Structure formats: structure tokens, C-alpha cells
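Each chain, written out:
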Amino acid sequence: MSAGALSPDWAPVYQAVPRSAFLPDLMWPFDMDAGTSAAVSRADDPDAWYGYADADVPVVTQWDDGRHTGREPGQVSTSSASMPSVVFRMLRDLDVRPGDRVLEVGTGTGWNAALLAHRTGADNVVTVEVDGAVAERARAALETFGTAARVVHGDGYEGFPEGAPYDRIIVTAGVRHIPFAWVEQTRPGGLIVAPWGTHYGNGDTVARLAVARDGESASGSFTGPVEFMKLRAQRLSPVVHSDYVTGGPETRDASSTGLTEDAFLGERFSPQRFAVSLRMPHCHHVIAEKRDGARPVWLYGLTDRSWACVMFRDGDKARVWQSGPRRLWDKAEAAYQWWEAEGKPGHERFGLTVTRDGQAAWLDDPGQSWPV
């Protein structure tokens, strides 16, 4: 298990509950660096199949919400088995103890529910899955494995009040808004662990939130970056470029920036991307491919038709164009400068608080928060 994610207390569980028991005969291991998947069949190549089942890679198990057929990958991956290292990082954050009552939002293959059931007792685990076919396959896999965790076909965004209160809630899909229903269904002092992010990009960061004594809020720090398929109720509709960039040059402002591509973007899971996302409400960004030393980065307003483009070019000052009621690049550059002035904090210095009124992010101090 990479990066020390498998702690000693979870090692026996990992040995007792193999991921291979919950994967379909035909699956698509995902290469995160290449961004591609390829079909692997247990019947055709059992050695490769078991190799990937045991490897620290995510495995796609459904495409296009189940409409996909055949061996070739579909358009959009919509259910998967996460990387084991990510699974155990989140289970470590969950700090689940024998006898704890646990709600899982997003059953997937059923492997995570089986791990939890082995740790805390099958009668203490309820897992909710929005896709009926996925729920049925997971239920069958759990029964075959001999684990009686309860699988519910429903919308996990609403939780599962019938089994509340829970000591722990764990979410296995990326969320953009944490519903207060999860707070209400967790006992005071209990924990909610969920991959959280904004619509600025696809990246997530694991939020570890403790429910307050009065049950009226949940708050806590982020523990590190991840990336998950998004909760179906919170998927972002595709941004149509032509809806934004209209008219001629007279409709946009042109300028330049001294900010470089490496500084602004960093690596895929760099903290500056996360920090900028927290200061850029209702904005989505797209990083285009680099060609001939030039890379455009586009910003799109999600509540208006504001847009901006910064064209980073090797060895030259970046050019900027922006249009609409919000000057999105100005805001993005200011967000980066704020992050730099704060000492370039990592993900773990940021946190999230959820109340009935919504959610707010903070840096170091929950008392100094802003809506997100």
C-alpha cells in the first residue's frame, strides 16, 4: 500500500477482505497519468485481471450511467473501485472503531462497505447507492462474500435517516455541497469524511468534519487532495465555450500578467489550485493542451457569462483577455497573491464548516471564514 496509507490496525482487514472479491469480470483499470482506461477480462487474461485487482490503481466498473456496452471504454466513467491507498487514507481519517454505526454514501462495488463491516460489525454498516444496477451488484457481491452490510438503493445526498444517528458518515463520491442532513444524522462528536471541492475544477480534498455538541454544525480541516467521480446530484453541466466568447475584440479587455504558468498552475494537486478555487466562487476553469510553447487557461462564470483567458507562453509575458460583469482573471490573480502572502499554505491548513445556512471555508481559524 503506497504512501503508508495502510495503518497497522487496518492491515488485517485488508488481508481478510480482498478487493478482487468485489470487482466485475470485465473491468477498466485507469491510468491516472495517461488519463485512459483499457478493458481487462478475468476470463481472457486472469493474471492481468488479478494483477490490477491487487494494484494501487483505480478501476472503472461502469461507464455512462450504465448505458455503455462492449469492451471499449465509454464516454464518462460513472462508477469505480478507488485506489486502495485512497480508500485506506479515508478510512484512517474516519477513525472508525468496533461497534461504531456507519453510513456510507456511494456503495460502488461494495468493497468499502465490506471493509467497514469487517471492522465494526456488519449490522452496523448501511451503504446507500443511487444507481439501482450498481446497488444490486454490490448487494450480490457482499452476500457472496458473506457480509451482511445493508445496501439501500436511494439518493445518499439525503442520507438514510432510518438508521440514524451514526457515529461516522463516509462519502465515496466528490461533493460540492455537504447537505445538512448528514450533520443531522451524525451524533454530536461524530465524524463526516467526504471528498469535497468547488466547481472550479475536478479535484477534491478530503474534508474531516466533527459534529458539534449541539448538533448545529460540523467543522474540521482538510487532510489531503484526491479526485473522485462526482455525486450525481452535483455534477457540473458541460460548459459551452461558444455561449461565453461572443462578439468581436471590442467586447473584451486585453492586458498582461507577470504571473507564470508554473507558479499559477503548479502540479495537478498543487495547493495553489485549491486555494484559488476557494476564493473563486461560481467559476470553472479549463486548462488547455500546451502547443508550440503556449498554453491557454480559460475561466468561465457559472452564474453569468463572464469569461477570461490567460495565454501562458514560454519565455514571454502572459497575455490576458476577459469580458463580462466579473473580471475573472483579476480575481484569480488576486486569489493567487493572497495564497502567496499567507505563506503558501498546504491543503491541511484549510478547513470547512457546515451549518443549516450553508458552508464556509477558512484558513487556520474557523472564526475567519467565507462562504463557498
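All of these numbers come straight from a predicted model, not from anything done at the bench. (Residues numbered from 1 in each chain as written. Predicted model: local features only at pLDDT ≥ 70, side-chain atom pairs only at ≥ 80, totals over all residues. Heavy atoms only, no water.)

Visitor: Give a detailed account of the pattern of salt bridges, specifying residues and quantitative values.
Guide: This model, assessed by the stated rule, comprises 21 salt bridges. Residue K230 is joined to D204 by a salt bridge in which the shortest nitrogen-to-oxygen separation is 3.3 Å. Taken together, the residues K230 in the loop between strand 12 (217-226) and helix 7 (241-244) and D204 in strand 11 (residues 204-211) connect sequence positions 26 residues apart. Relative accessible area serves as the criterion here: at 3%, D204 is assigned to the buried category. A salt bridge links E216 to R356; its shortest N-O distance comes to 2.8 Å. (Salt bridge = Lys/Arg side-chain N within 4 Å of Asp/Glu carboxyl O. Helix = DSSP H or I, 4+ residues; strand = E, 2+ residues; numbered from the N terminus. Buried < 20%, exposed > 50% of the residue type's maximum accessible area, 1.4 Å probe, protein only.)

Visitor: Report on the pairing of strand 18 (residues 350-355), specifying residues and quantitative values.
Guide: For strand 18, the tally of buried residues reaches five of six residues, placing the bulk of the element in the interior. Pairing geometry for strand 12 and strand 18, over five bridges, is antiparallel. Each bridged residue has a counterpart across the sheet, and for S219 the counterpart in strand 18 is T353. Alignment of strand 18 against strand 19 (residues 358-363), held across six bridges, turns out to be antiparallel. If you follow T355 over to strand 19, its bridge partner there is G358. Counted between consecutive antiparallel strands, the loop separating strand 18 from strand 19 contains two residues. (Pairing = 2+ DSSP bridges.)

Visitor: Kindly report on unusual backbone geometry, identifying the contributing residues and their values.
Guide: The peptide bond linking A164 to P165 adopts the cis configuration, its omega dihedral lying at 0°. Not every positive phi belongs to a glycine, and D364 is a case in point at roughly 70°. Looking at the secondary structure, you find D364 in the loop between strand 19 and strand 20 (369-371). Overall, the relative accessible area of 47% leaves D364 in the partly exposed class.

Visitor: Provide a residue-level description of the pairing of strand 14 (residues 283-287), including the pertinent values.
Guide: Relative to strand 15 (residues 294-301), strand 14 runs antiparallel, the two sharing five bridges. Within the sheet, the bridge partner assigned to H284 lies in strand 15 and is Y300.

Visitor: Can you lay out the sheet that holds strand 11 for me, pointing to particular residues and giving the numbers?
Guide: Strand pairing within a sheet occurs via backbone hydrogen bonds; the two strands may be parallel or antiparallel. Pairing is mixed across the open sheet formed by ten strands, whose spatial order is 8-7-6-9-10-11-12-18-19-20. Edge positions in the sheet fall to strand 8 (150-153) and strand 20, since each of these pairs with one other strand and no more. The mean inter-strand angle of the sheet, taken between neighbouring strand axes irrespective of direction, is 20°. As paired strands, strand 11 and strand 12 are joined by five bridges and run antiparallel to one another. Across the sheet, the residue bridging to A210 is S219, located in strand 12. Sheet strands in contact with helix 5 (residues 132-145) are strand 7 (125-129) and strand 8, and its direction is about 170° off that of strand 8. Of the strands in this sheet, strand 10 (186-196), strand 11, strand 12, strand 18, strand 19 and strand 20 are in contact with helix 9 (residues 271-278), which crosses strand 18 at around 35°. (Axes fitted to C-alpha atoms, helices over the stretch in contact; angles between N-to-C directions. Contact = heavy atoms within 4.5 Å.)

Nothing here speaks to function; it is geometry throughout.
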